[in-house]
Amino acid sequence: MSASGDDGHLRERRTGGRTLLEGGFLEVHRDDVVLPDGSAATREYIRHPGAVAVVPLLDDGRVVLVRQYRYPIGRTIVEFPAGKRDAGESTLECARRELHEETGFRAREWAFACEIHNAAAYSTESIWIYFARGLIAGEQKLDDGEFVEVMRFSEAELDALAASDGLPDVKTLVGLQWLQRWRAGAWPLAWTPDPEHGAAA
């Protein structure tokens, strides 16, 4: 069964609405909509500029992750390096910047895996997941007020962490799934040289 196709009988149509909150980079909206059966409803959602996550592959087969405290859920979690897009920034530019800032690494090759909607019921946020390899070590360039611990895991260690409910971050679970499927030869990745640190550099 295909996920694509005619969806006219499912679509909702916006008829009006207002902005409830404008924050530093998030906006909260309440829209009036008409449902497919003609009845009226409201939809509250967050407008987000989008983000990128990176699955960094070390030459020894391990992957690089970061450990940081996430205030909204009140806990410290392990996740792949990630961050929101700046205005006018491409997803690859964002991936390159976030990898370097959070881990100190740069990469010689990049591959796009997928785009995910991690909270489609109430947020416009997309997360684009990239893979990076041929890593070149360097120093972190964290933002003010950002505290991040760099960690290294084997695929087996990361899988065991996920199996024990120790990997609750959705982008990291999807990244792990892509890593496992790619290494199994099931999901291909198209690698391209980094614009500044590619294999030919």
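Residues numbered from 1 in each chain as written. Predicted model: local features only at pLDDT ≥ 70, side-chain atom pairs only at ≥ 80, totals over all residues. Heavy atoms only, no water.

If you check an unreviewed UniProt entry, the protein chain appears there as GDP-mannose pyrophosphatase from Rubrivivax gelatinosus. Quoted straight from UniProt, the Cofactor (unreviewed entry) entry for the protein chain says "Mg(2+)". What UniProt states about the protein chain under its Sequence similarities (unreviewed entry) heading is, verbatim, "Belongs to the Nudix hydrolase family. NudK subfamily." (UniProt positions renumbered as here; feature names shortened; annotations may be inferred.)

**Student:** If you had to explain the overall build of the protein chain to someone new, which residues and values would you point to?
**Tutor:** Along the backbone of the protein chain there are 3 helices and 11 strands. Starting at the N terminus, the α and β elements of the protein chain follow one another as β-β-β-β-β-β-β-α-β-β-β-α-α-β. Principal axes of the C-alpha set define a box for the protein chain whose edges measure 60 × 45 × 40 Å. The 201 residues of the protein chain split such that 37% are buried. With the model as given, the accessible surface of the protein chain reaches about 11600 Å², and the carbon-plus-sulfur share is 50%. Seen as two clouds, the 23 positive and the 33 negative side-chain charges of the protein chain have centres 1 Å apart. (Helix = DSSP H or I, 4+ residues; strand = E, 2+ residues; numbered from the N terminus. Buried < 20%, exposed > 50% of the residue type's maximum accessible area, 1.4 Å probe, protein only. Areas by Shrake-Rupley, 256 points an atom, 1.4 Å probe, with all protein chains shown as cover. Lys, Arg positive; Asp, Glu negative; His and termini not counted. Charge placed at Lys NZ, Arg CZ, Asp CG, Glu CD.)

**Student:** Just give me the short version of the pattern of salt bridges, but keep the residues and values in it.
**Tutor:** Enumeration according to the criterion identifies 18 salt bridges in this entry. The partner of Arg30 in a salt bridge is Glu44, and the shortest N-O contact between them spans 2.6 Å. Taken as a pair, Arg30 in strand E2 (residues 27-34) and Glu44 in strand E3 (residues 40-47) lie far apart in primary sequence, 14 residues in all. Classification of Arg30 as partly exposed rests on a relative accessible area of 29%. On the basis of relative accessibility, which here comes to 44%, the residue Glu44 falls in the partly exposed class. Note that Arg96 is salt-bridged to Asp194, the shortest N-O span being 2.7 Å. Pair noted here: Arg96 is in helix H1 (residues 91-103) and Asp194 is in the segment after strand E11 (192-193), with a separation of 98 residues, a long-range link. For the pair Arg96 and Asp194, a shared accessibility class is recorded, and that class is buried. (Salt bridge = Lys/Arg side-chain N within 4 Å of Asp/Glu carboxyl O.)

**Student:** Please give an account of the side chain of Ser123 that cites residues and values.
**Tutor:** Residue position: Ser123 is located in the loop between strand E8 (109-116) and strand E9 (127-133). Among the residues examined, Ser123 registers a relative accessible area of 14% and is labelled buried. Within the structure, Ser123 has its side chain in polar contact with the backbone nitrogen of Glu125 (distance 3.1 Å). Once you skip the residues sitting within four places of it in the chain, Ser123 turns out to touch Tyr45, Ile46 and His48. (Polar contact = N/O pair within 3.5 Å; in protein donor to acceptor, adjacent residues only side chain to side chain. Contact = heavy atoms within 4.5 Å.)

**Student:** Any details on empty space enclosed by the protein? Residues and values, ideally.
**Tutor:** Enumeration according to the criterion identifies 1 cavity of 30 Å³ or more in this entry. In this structure, the largest cavity encloses a volume near 40 Å³. Looking at the largest cavity, the residues that line it are Arg96, His100, Phe105, Arg106, Ala107, Trp110, Asp194 and His197. Here the lining of the largest cavity is composed, by residue class, of 3 nonpolar, 2 polar and 3 charged. (1 Å grid on protein atoms, 1.4 Å probe; cavity = no way out; pocket = protein on both sides within 12 Å on 5 of 7 lines; lining within 4 Å. Points joined across faces, edges and corners; volume = space filled by probe spheres on them. Nonpolar A, V, L, I, M, F, W, Y, C, P; charged D, E, K, R; others polar.)

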